[in-house]
Structures are given as structure tokens and as C-alpha cells.
Amino acid sequence: MHRLKQLLKNYPLSSICIIAVWIVCLMPVPETPLKHTAFIDKWTHIGMYAILCLLIWVEYWKNLSEKERHFTLSTHVKNLLLCGWLAPMLMSGLIEIIQENCTGGNRSGEWLDFAANCTGATLTLCVGMLWVWCRAKQ
């Protein structure tokens, strides 16, 4: 319980975003004027996971002390690969499985949605790795 409180304290925006992603992904799909836009669903998935991962990366860096910010790049990369890239992708896969099997037909899990989520996470990974590399050099 203490660990959960610490995570919520250190990662408030990421936590809110994770909760929002779960809610949005499990509620019935609303009608939207953009529904005829090509690939709007996939662009939404890419953006949603890019923002989620970006929040995790920024809050991770914000929570480091000055001393920790100067650790080797490999320390940051390992932590961020696990928490800021792999964990959101695993969450994405779990959501797609739940959508397919537990929403009573209101939502459908799609491999292309999972691929779009992974694309958003990976785009943030690329930007984040560059950012961490530049910050570690300072």
C-alpha cells in the first residue's frame, strides 16, 4: 500500500492518464463527426500512448535528484524501457484482450489498435532516449 501511495505521489499525471486510458478504452465508442476521417481511430491510439509514455518519462526525470540525474545513461534507459515503454505496451495488450472478451460486444479488441498503441509508445521511446542522452551529457 505504501508503494502505491508513493507511485501516486511521484507520478500523479501518469496515474491520471492511465486511469483515463482504461476508462476511454472500456466505455462504448461514442459517435463523433470525425468517424469518417481515415485512420482516426489509429491516430487516436498513437497519440494516446505517446502522451501516456511522455508523461511517464517526464515525471520519472522530475523525480530524480540532481545526483541521480548524473548516473550512467544505462541506469535511466533500463528503468525507462521497463516503466515508460514496456509496461504501457503490456497494458495496451491487456486492454485489447479485455475489450475483445469482456465488454459484451460494446468494444472489440484489434491487433491494429495494439500496433498503433505500440507505435505511440515507441515514438516516445525514440524521443525520450534522445532527451535522456542529451540530459545525461550535461
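None of these values were measured; they are calculated from a predicted model.

Q: Help me out: how do you make sense of the side chain of Ser 92 in this one?
A: Looking at where Ser 92 falls in the secondary structure, it is placed in helix H5 (residues 73–102). Those residues in contact with Ser 92 that lie beyond four places of it in its chain are Tyr 49, Phe 114 and Asn 117.

Q: Would you mind going over the packing of aromatic side chains with me for this structure?
A: The relative placement of two aromatic rings is captured by the distance of their centres and the angle of their planes. One pass over the full model with this rule turns up 1 aromatic pair. Here Trp 111 and Phe 114 contribute two aromatic rings whose centre-to-centre distance is 6.0 Å and whose plane-to-plane angle is 85 degrees, an arrangement assigned as edge-to-face. Linking Trp 111 with Phe 114, this pair stays in helix H6 (residues 111–137), spanning 3 residues, or about one helical turn. What makes Trp 111 exposed here is its relative accessible area of 73%.

Q: What am I meant to see in the packing of helix H2 (residues 12–26) against helix H3 (residues 40–62) here?
A: Helix packing geometry: the angle between the two helix axes and the distance between the axes. In the contact formed by H2 and H3, the axes pass within 8 Å of each other and the chain directions differ by 160 degrees. On the basis of their axis angle, the class for H2 and H3 is roughly antiparallel. Like other packed secondary-structure pairs, H2 and H3 cross with a definite hand, here left-handed. Together, Pro 12, Leu 13, Ser 14, Cys 17, Ile 18, Val 21 and Cys 25 of H2 and Met 48, Tyr 49, Leu 52, Leu 55, Ile 56 and Glu 59 of H3 make up the contact between the two elements. Split into classes, the residues belonging to the contact of H2 with H3 amount to 11 nonpolar, 1 polar and 1 charged.

Q: Explain the environment of Trp 43 to me, please; I cannot follow it from the model alone.
A: Following the sequence through the fold, Trp 43 ends up in helix H3. Residue class for Trp 43 comes out exposed when judged on its relative accessible area of 57%. Linking Trp 43 and Asn 117, residues 74 residues apart in sequence, is a C-alpha distance of 9.2 Å.

Q: Could you clarify how one ought to interpret the layout of surface pockets in this entry?
A: Empty space left among the atoms is revealed by rolling a probe the size of a water molecule over them. One number sums up the size of the largest pocket: a volume of about 560 Å³. The wall of the largest pocket is formed by 19 residues, among which Leu 7, Tyr 11, Ile 18, Ile 56 and Cys 83 lie closest to the centre. Among the secondary structure elements, those contributing two or more residues to the lining of the largest pocket are helix H1 (2–10), H2, H3 and H5. Among the elements that make up the lining of the largest pocket, the one with the highest residue count is H1 (6 residues). Volume-wise, the second largest pocket comes out at about 480 Å³. Lining the second largest pocket are 18 residues; nearest its centre among them are Val 29, Pro 30, Asp 41, Thr 44 and Arg 107. The set of elements that each furnish at least two residues to the lining of the second largest pocket consists of H2 and H3. If you tally residues by element for the lining of the second largest pocket, the top one is H3, at 5 residues. Of the residues in the lining of the second largest pocket, the class split is 7 nonpolar, 6 polar and 5 charged.

The rules behind these values
Residues numbered from 1 in each chain as written. Predicted model: local features only at pLDDT ≥ 70, side-chain atom pairs only at ≥ 80, totals over all residues. Heavy atoms only, no water. Helix = DSSP H or I, 4+ residues; strand = E, 2+ residues; numbered from the N terminus. Contact = heavy atoms within 4.5 Å. Phe/Tyr/Trp six-rings, centres within 6.5 Å; stacked < 30°, edge-to-face > 60°. Buried < 20%, exposed > 50% of the residue type's maximum accessible area, 1.4 Å probe, protein only. Axes fitted to C-alpha atoms, helices over the stretch in contact; angles between N-to-C directions. Parallel < 35°, antiparallel > 145°, perpendicular 65-115°, else oblique. Left-handed = near helix turned anticlockwise from the far one by under 90°. Nonpolar A, V, L, I, M, F, W, Y, C, P; charged D, E, K, R; others polar. 1 Å grid on protein atoms, 1.4 Å probe; cavity = no way out; pocket = protein on both sides within 12 Å on 5 of 7 lines; lining within 4 Å. Points joined across faces, edges and corners; volume = space filled by probe spheres on them.

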